[in-house]
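Secondary and tertiary structure notes
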Amino acid sequence: MKIKRSEIYAHVKSYEGRQDMTGFLGFIDSPIRDLRVIKLPNDRIRLKYIDQHNNIQRVDVGADEQEEIEFP
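Residues numbered from 1 in each chain as written. Predicted model: local features only at pLDDT ≥ 70, side-chain atom pairs only at ≥ 80, totals over all residues. Heavy atoms only, no water.

Digging into the pattern of salt bridges
Inspection of the entire model under this criterion finds seven salt bridges. The shortest N-O distance in the salt bridge between Glu-16 and Lys-13 comes to 3.4 Å. For Lys-13, a relative accessible area of 28% puts it in the partly exposed group. With a closest N to O distance of 4.0 Å, Arg-33 and Asp-34 form a salt bridge. Each of Lys-13, Glu-16, Lys-39 and Asp-43 takes part in salt bridges that share partners, so that together they form one network. (Salt bridge = Lys/Arg side-chain N within 4 Å of Asp/Glu carboxyl O. Buried < 20%, exposed > 50% of the residue type's maximum accessible area, 1.4 Å probe, protein only.)

Here is the structure:
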């Protein structure tokens, strides 16, 4: 699925501080597991996960990044 990096960033930030994570992965159309959200310098976020082929994937996103990427 094509999505802008800034849209992923906004989605992750919208769940910051929440106790109920229901729906957090609802926009992802492929199975992933062991998702970790890592805060990076300069207000960036790294998503690290294992994809459906058992490969470790990393995606760095920021608030102002308009690049469209294939995720996951």
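Moving on from the coordinates now.
Description of the packing of aromatic side chains
Considering all chains together, one arrives at one aromatic pair under this definition. Directly above the aromatic system of Tyr-15 lies the positively charged group of Arg-18, at a separation of 4.4 Å from the ring centroid. (Phe/Tyr/Trp six-rings, centres within 6.5 Å; stacked < 30°, edge-to-face > 60°. Lys NZ or Arg CZ within 6 Å of the ring centre and 35° of its normal.)

As for the environment of Arg-46
Counting through the fold element by element, Arg-46 comes out in strand E3 (residues 44-50). In this structure Arg-46 touches Arg-36, Val-37, Ile-38, Leu-40, Arg-58, Val-59 and Asp-60, once residues within four positions along its chain are discounted. Side chain to side chain, Arg-46 and Asp-60 meet in a polar contact 2.7 Å long. (Helix = DSSP H or I, 4+ residues; strand = E, 2+ residues; numbered from the N terminus. Contact = heavy atoms within 4.5 Å. Polar contact = N/O pair within 3.5 Å; in protein donor to acceptor, adjacent residues only side chain to side chain.)

Focus: the nonpolar core
Core analysis: the largest hydrophobic core is formed by 15 residues, its most contacted members being Ile-8, Val-12, Ile-45, Leu-47, Val-59, Val-61 and Phe-71. With near-sequence residues (within four places) excluded, Val-12 lies in contact with Phe-24, Val-37, Ile-45 and Leu-47. (Core = buried A, V, L, I, M, F, W, Y, C linked by side-chain atoms within 4.5 Å.)

Points about the sheet that holds E3
Strand order in this open sheet of three strands is E2-E3-E4, and the pairing throughout is antiparallel. What marks the edges here is a single partner per strand, and that holds for strand E2 (33-40) and strand E4 (56-62). Adjacent strand axes in the sheet meet at a mean angle of 20° when their direction is disregarded. In this sheet, E3 lies alongside E2 in antiparallel orientation, the contact comprising six bridges. Considered in E3, the bridge of Ile-38 is made with Arg-46. Helix H1 (residues 5-14) contacts E2, E3 and E4 of the sheet and is inclined by roughly 90° relative to E4. (Pairing = 2+ DSSP bridges. Axes fitted to C-alpha atoms, helices over the stretch in contact; angles between N-to-C directions.)

Description of unusual backbone geometry
A positive phi is found at Asp-34, a non-glycine position, where the angle reads about 55°. Looking at where Asp-34 falls in the secondary structure, it is placed in strand E2. Assessed through its relative accessible area of 46%, Asp-34 is described here as partly exposed. With a phi angle near 65°, Asn-54 is a residue other than glycine that sits in the positive phi range. Assignment of secondary structure puts Asn-54 in the loop between E3 and E4. Classification of Asn-54 as exposed rests on a relative accessible area of 54%.

None of the figures reported here should be taken as evidence of function without further support.
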